[in-house]
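This is what each chain is made of:
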Amino acid sequence: MMIRGPLLRVLPPGVRSFSAARCTVDERPEAPRVTQQASLYVHWPYCLRRCTYCNFNKYIPKENKDHLITKCLLQETETLLQLSGVSRITSVFFGGGTPSLAPPSTIAAILESVSKLVNLSHDAEVTIEVNPTPAGMSKLEDFCSAGVNRFSIGVQSLQDEDLKVLGRDHSSRESLQTIAEARRLCPGRVSVDMMFGRPRQTVESWEKELAELLEICDDHVSLYQLTLERGTQLFKQVHCGVASVPGDDVTADMYHSARRTLQQHGFLQYEVSNFARHNSMSGHNMSYWKGEQYIGVGPGAHGRFVPVGEGGLDREARTQTLEPDVWMREVQQSGHGTRRRTHLSHLQLASFHKICSIGRLEEVLVMGMRMTKGITNKHWELFSPHMSLQEVFGASSDVQELLRNQRLILNDRGLRCSWDGLALLDSILPTLLVELEKQTFLKPH
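Residues numbered from 1 in each chain as written. Predicted model: local features only at pLDDT ≥ 70, side-chain atom pairs only at ≥ 80, totals over all residues. Heavy atoms only, no water.

> Help me understand the overall build of the protein chain in this model?
Within the protein chain, the regular secondary structure consists of 19 helices and 16 strands. Counting every position in the protein chain, which comprises 445 residues, the buried fraction comes to 56%. Sequence-distant contacts, at least 24 apart, represent 73% of the contacts inside the protein chain between residues at least 6 apart. Surface accessibility of the protein chain: about 19000 Å² in total, with carbon and sulfur atoms responsible for 51%. (Helix = DSSP H or I, 4+ residues; strand = E, 2+ residues; numbered from the N terminus. Buried < 20%, exposed > 50% of the residue type's maximum accessible area, 1.4 Å probe, protein only. Contact = heavy atoms within 4.5 Å. Areas by Shrake-Rupley, 256 points an atom, 1.4 Å probe, with all protein chains shown as cover.)

Laid out in structure tokens, this is it:
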């Protein structure tokens, strides 16, 4: 998908998350727009080095395969667009890996291919993740010429020592230069990623760093809490006592402090990890959180769309083959590298209607509650015409307690977290998910 670096944890360990593998989505005929448009994610899997905290699907190439992977990305884009039957792509996001390693000609070719197959308006949001190295900065203008109009810059830290610990291949000075150049080219459309909870980091040093960031950043900031992923170098260092990270109380203070500081500087928090001013929210990410269709192209990419090109009427969750060389072989053979598809036929959908409803509604709930505006009654009804938010959650004693404690807000507008509740989302969601499952199975259809 579109995420850079570890996220704030949404579900605690041991609690099952929503899963596309459990069911598909029945698209209601009264909402054709949902199936006629989608966002597009394109994955570039290569990096020059692996960061110490990263367990993403990325690879260090032994040889230059830019031409071959470009050809395969174009082929898979064409195949999946035709399968989806969409007439309009609302946004494009080039993620990775390190997509700023890709030749600008690759970006241009993909966007040109999309424009030939479907409607890609001239003002559609087109984002590319950029590693703030001199090489990355030198390509920014060419990326703009290729059709990119938004940059997402992986700064992570403005402390050089911390960048070394994280295994980053850029300096704080290079980050500042890259941000400045990106803002010159795309004013108001530059996002900066920052990470907190880093080794040896304190609340005081984090506040100082944020102050420095606010002097040079544009109108969008993403804050990600460092999570220790098994198998990464940093996980091993902490596990062996070579390094240490701040405790939960300290990282919670960092998060609260950042929210207050950004708010004071005119930034609106519109999602757990994302802040924007001057209406500069990420349209692409918003499409995920709203449960809209998205097509994933490239090794390991995820997608969710209705494959009408195969006669389908129900949404599928699709996952592309992870390893680039294997993925390329599959694309050359079949036109796409989809490794896993989750689909229910009409008969299965009728037989397991409630199970399917839960799986889809789980996704709507988990993703929607990440946004500060939460889930409106109108949006919920699109996916749950037979059960309102009030019917699902209104009678629950556990939910009532969250309402009394002012962690949740449930009213005639919809369901959302309060300002304090959003910071506790990972502990609130299990309660909501349990209640959703209980009420869905109790409700006759």
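Moving on, there is more to tell.
> Looking at this structure, I do not really get the packing of helix α2 (residues 66–84) against helix α3 (residues 104–117). What am I missing?
Helix packing for two helices is described by the angle between their axes and how far apart those axes are. Packing of α2 against α3 brings their axes to within 10 Å, and their N-to-C directions diverge by 20 degrees. On the basis of the axis angle, α2 is roughly parallel to α3. Crossing handedness for the pair α2 and α3: right-handed. In this structure, α2 uses Thr70, Leu73, Leu74, Thr77, Glu78, Leu81 and Gln82 to contact α3, whose residues at the interface are Thr106, Ala109, Ile110, Ser113, Val114 and Leu117. Among the residues making up the contact of α2 with α3, the classes are represented as seven nonpolar, five polar and one charged. (Axes fitted to C-alpha atoms, helices over the stretch in contact; angles between N-to-C directions. Parallel < 35°, antiparallel > 145°, perpendicular 65-115°, else oblique. Left-handed = near helix turned anticlockwise from the far one by under 90°. Nonpolar A, V, L, I, M, F, W, Y, C, P; charged D, E, K, R; others polar.)

> Looking at this structure, I do not really get the environment of Ser244. What am I missing?
Position of Ser244 relative to the elements: it lies in the loop between α9 (233–239) and α10 (248–264). For the pair formed by Ser244 and Gln201, sequence separation is 43 residues and the distance between their alpha carbons is 9.5 Å. Beyond its immediate sequence surroundings of up to four residues, Ser244 is in contact with Pro199, Arg200 and Val238.

> Would you take a moment to explain the pairing of strand β8 (residues 268–271) for this structure?
Put simply, side chains in a regular strand alternate between the two faces of the sheet. Examined bridge by bridge, β8 and strand β9 (residues 274–276) share three bridges and lie antiparallel to one another. Pairing of Gln269 across the sheet is with Phe275, part of β9. Here β8 hands over to β9 after two residues, the two strands then running antiparallel side by side. (Pairing = 2+ DSSP bridges.)

> Help me understand the sheet that holds strand β14 (residues 375–376), please; the structure alone is not making it clear to me.
Ordered by their spatial adjacency, three strands build an open sheet running β14-β16-β15, and the pairing between neighbours is antiparallel. Edge positions in the open sheet fall to β14 and β15 (408–410), since each of these has one partner strand only.

> Just checking my understanding: could you explain empty space enclosed by the protein for this structure?
Empty space among the atoms can be located by rolling a probe the size of a water molecule over them. All chains considered together, the criterion is met by three cavities of 30 Å³ or more. Of the voids in this model, the second largest cavity is the one considered here, and its volume is about 50 Å³. Residue lining of the second largest cavity: Val42, His43, Trp44, Leu73, Phe94, Gly95, Pro99, Ala102, Thr106, Ile107 and Ile110, and that is the complete set. Of the residues assigned to the lining of the second largest cavity, the class counts are eight nonpolar, three polar and no charged. (1 Å grid on protein atoms, 1.4 Å probe; cavity = no way out; pocket = protein on both sides within 12 Å on 5 of 7 lines; lining within 4 Å. Points joined across faces, edges and corners; volume = space filled by probe spheres on them.)

> Can you help me understand the packing of α2 against helix α12 (residues 324–334) in this one?
Packing of α2 against α12 brings their axes to within 10 Å, and their N-to-C directions diverge by 50 degrees. Put simply, α2 runs oblique to α12. You can see that α2 and α12 cross each other, and the crossing is left-handed. On α12, the residues that touch Leu68, Ile69, Cys72, Leu73, Gln75 and Glu76 of α2 are Trp327, Met328, Val331 and Gln332.

> Just checking my understanding: could you explain the side chain of Thr338 for this structure?
By secondary structure assignment, the location of Thr338 is in strand β13 (residues 338–342). Side-chain polar atoms of Thr338 contact the side chain of Gln320, separated by 3.1 Å. Ignoring sequence-local partners within four residues, the contact set of Thr338 consists of Glu76, Leu80, Arg318, Thr319 and Gln320. (Polar contact = N/O pair within 3.5 Å; in protein donor to acceptor, adjacent residues only side chain to side chain.)

> Teacher, can you tell me more about unusual backbone geometry here?
The bulk of non-glycine residues show a negative phi, and the bulk of peptide bonds are trans. Cis rather than trans, the peptide bond between Gly96 and Gly97 has omega equal to 25 degrees. By the element assignment, Gly97 lies in the loop between β3 (88–96) and α3. Here the phi dihedral of Arg200 falls at roughly 70 degrees; this positive angle occurs in a residue that is not glycine. By the secondary structure assignment, Arg200 is in the loop between β6 (190–196) and α8 (203–216).

> Explanation requested: the nonpolar core in the structure shown.
Across soluble globular proteins, nonpolar side chains have a tendency to be buried as a group. Ranked by size, the top nonpolar core spans 87 residues in total, and within it Ile89, Phe151, Ile295, Leu365, Met369, Phe393 and Leu432 carry the most contacts. Apart from the residues lying within four places of it in its own chain, the contact partners of Phe151 are Thr127, Ile128, Val130, Leu140, Phe143, Cys144, Ala182, Leu185, Cys186, Arg189, Val190 and Ser191. If you look at the next biggest cluster of nonpolar residues, it comprises eleven residues, including Phe93, Met286, Tyr294 and Met367. (Core = buried A, V, L, I, M, F, W, Y, C linked by side-chain atoms within 4.5 Å.)

> Looking at this structure, I do not really get the environment of Ala180. What am I missing?
Its location among the elements puts Ala180 in helix α7 (residues 172–185). On a C-alpha basis, the gap between Ala180 and Asp218 in space is 8.9 Å, while along the polypeptide they are 38 residues apart.

> Whenever I open this one, the packing of aromatic side chains confuses me. Can you help?
For any pair of aromatic rings, geometry is given as the distance between the ring centres together with the angle between the planes. Within this structure, the stated rule accounts for seven aromatic pairs. Note on Trp44 and Tyr46: the rings are 5.8 Å apart at their centroids and 85 degrees apart in plane angle, and the pair reads as edge-to-face. The exposure classification of Trp44 matches that of Tyr46, with both residues buried. Seen from their ring centres, Phe196 and Tyr255 are 6.2 Å apart, and the 15 degrees between their planes marks the pair as stacked. One end of the pair, Phe196, is in strand β6; the other, Tyr255, is in helix α10, and 59 residues separate them in sequence. Of note, Arg259 hangs over the ring of Trp419, and the distance from its end group to the ring centre comes to 3.8 Å. (Phe/Tyr/Trp six-rings, centres within 6.5 Å; stacked < 30°, edge-to-face > 60°. Lys NZ or Arg CZ within 6 Å of the ring centre and 35° of its normal.)

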